[in-house]
Amino acid sequence: MSDKISSWNVVHKLEKRQLLIGINCVAGLSILFFGYDQGMMAGVNNSKDYIDLMKFGYTKVVDGEVTPVVTNSLLQGGIVSVYYLGTLFGALLGGWLGDWTGRIKTIAAGSLWAILGAALQCSAQNHNWMICGKGKETVSNIRRLGLTVAARFVNGIGTGILNAIVPVWATETAEHTSRGQFIAIEFTLNIFGVVLAYWLELCVNIYKISAVSLLMLDSGLSFIDNGESAFRWRFPIAFQIVFLIVLFAVVWFFPESPRWLVKVGREEEARYILQRLRGSSGEDLLRAEAEFQDILSIAELERTVNHGDSYLSMLVGYKSGDLHIGRRVQLVIWLQIMQEWVGIAGVTVYAPTIFGIAGFDSMKSQWISGLNNIFYMVRFGVDAIGELC
């Protein structure tokens, strides 16, 4: 029933493909944020002020350029990796929260959590604060622990929540024939986020930001004050808040997942949203009703079949019977793990460092890393075009 849905919801104004495009623009914004957050640390790790503040190395001048030298790779790696630990916990939390409160509220909660983490990161005063939200003096430790847990860890939790629930929301609203297209487009935006982060940091490196450097913002940060300013690393970290504020503001204007609405007994709202998504006249209306009945049948089956719905039950397939849930869950988990084994995450985060080890100077390492990510994005773009065709 349309009167149960807020009057400002775009579901009343948009229909079919326009509504789907709107939903996937919001989903794409979340994925763009994740890509930006991944690529951001590559430039941050090369900032002189950041290295001195976090105390995992020092910088020296080689051929007239400031070059980072890492003396404590464990500390540097710990600051980077605790974020991914946070995304693990956030993803588990996001799945549970999404079933409890709905997709829209979970996306909003994830945005707020990530904003808190980003604010803690960009105000960090030392590596303890960056990892644990605490300083080096005993009294200061106690006070700063009150900020909450790790700045990077908190940011990771927010990202994990978004990563767990946004693709679910997008696919539950999309037609089965177009899900591949939307997923391909969203992950192209993910890599675009990485590209944006790299070139933003490179451009802030430039002493005077010209019209060209504004288009290559990330790589340009390394030229401000000869790359020695705190602005070089604090601004890129803070910039992600822009994406999150927009995401938090606009997501309230979009419809909830029809599948979740059916699951919690709000069937008339689900039917109305499906009709707006698929069409409310002629054959489109019949297709929408058929899909609605399918969702009802699945929801009823889930209520009647005795199977475990905890994370542990899904992992081992407890009481899943012929559904083989454990096998399916293990398959997707190990596919993701093997994907990371190719080293793409390491290249994304440490590309300038890797090229520096290969013998390139600091500046050349950064722009080669930026070009690498542009080609990476193009590859996903070709896949997206193929899906659209």
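Residues numbered from 1 in each chain as written. Predicted model: local features only at pLDDT ≥ 70, side-chain atom pairs only at ≥ 80, totals over all residues. Heavy atoms only, no water.

Spacing of three or four residues puts side chains on the same side of an α-helix, whose turn is 3.6 residues. End to end, helix α12 (residues 267–278) covers 16 Å across 12 residues, agreeing with the expected 16 Å (1.5 Å per residue, within 8%). Of all the 12 residues making up α12, nine are buried; the element is thus mostly covered by neighbouring parts of the structure. Buried within α12 are the following residues: E269, A270, Y272, I273, L274, Q275, R276, L277 and R278. Buried-residue contacts for α12 involve α1 (17–44), α7 (151–173), α11 (258–263) and α13 (282–304). G279 lies just past α12 and shows a positive phi near 125°. (Helix = DSSP H or I, 4+ residues; strand = E, 2+ residues; numbered from the N terminus. Expected span 1.5 Å × (residues − 1). Buried < 20%, exposed > 50% of the residue type's maximum accessible area, 1.4 Å probe, protein only. Contact = heavy atoms within 4.5 Å.)

Looking now at the nonpolar core. Counting 56 residues, the largest nonpolar core has M41, Y50 and I107 as the members making the most contacts within it. If you tally residues by element for this core, the top one is α1, at 12 residues. Ignoring any residue separated from it by four or fewer positions in sequence, one finds I107 in contact with L162, I165, V166, W169, L247 and V251. With five residues, the next largest nonpolar core counts V82, A150, F153 and I161 among its residues. (Core = buried A, V, L, I, M, F, W, Y, C linked by side-chain atoms within 4.5 Å.)

Now for a nonpolar patch on the surface. On the surface, L312, L315, V316, L331, V332, I333, W334, L335, I337, M338 and W341 cluster together to form a nonpolar patch covering roughly 1,100 Å² of accessible area. Going through the elements one at a time, α14 (311–316) and α15 (325–340) are the ones with two or more residues in the nonpolar patch. Element by element, the count of residues in the nonpolar patch is highest for α15, at seven residues. Note on placement: W341 falls in the loop between α15 and α16 (344–357). In this structure W341 comes out as exposed when scored by relative accessible area, which is 63%. (Patch = residues over 30% accessible without salt bridge, like charges linked within 9 Å, V, L, I, M, F, W, Y side chains within 5 Å. Areas by Shrake-Rupley, 256 points an atom, 1.4 Å probe, with all protein chains shown as cover. Salt bridge = Lys/Arg side-chain N within 4 Å of Asp/Glu carboxyl O.)

The subject of this paragraph is the environment of E15. Structurally, E15 can be placed in the segment before α1. Separated by 258 residues in the primary sequence, E15 and I273 place their C-alpha atoms 9.3 Å from one another. Once residues lying within four places of it in the same chain are set aside, the contact partners of E15 are Q275, R276, G279 and S280.

Glancing now at the packing of α1 against α16. For the pair α1 and α16, interaxial distance at closest approach is 8 Å and the crossing angle is 20°. When the interaxial angle is binned, α1 and α16 end up roughly parallel. Taken as a pair, α1 and α16 cross one another with a handedness that is right-handed. Taken together, the residues of α16 that come into contact with α1 (itself represented by Q38, G39, M41 and A42) are T348, V349 and P352. Its residues assigned to classes, the contact of α1 with α16 comprises four nonpolar, three polar and no charged. (Axes fitted to C-alpha atoms, helices over the stretch in contact; angles between N-to-C directions. Parallel < 35°, antiparallel > 145°, perpendicular 65-115°, else oblique. Left-handed = near helix turned anticlockwise from the far one by under 90°. Nonpolar A, V, L, I, M, F, W, Y, C, P; charged D, E, K, R; others polar.)

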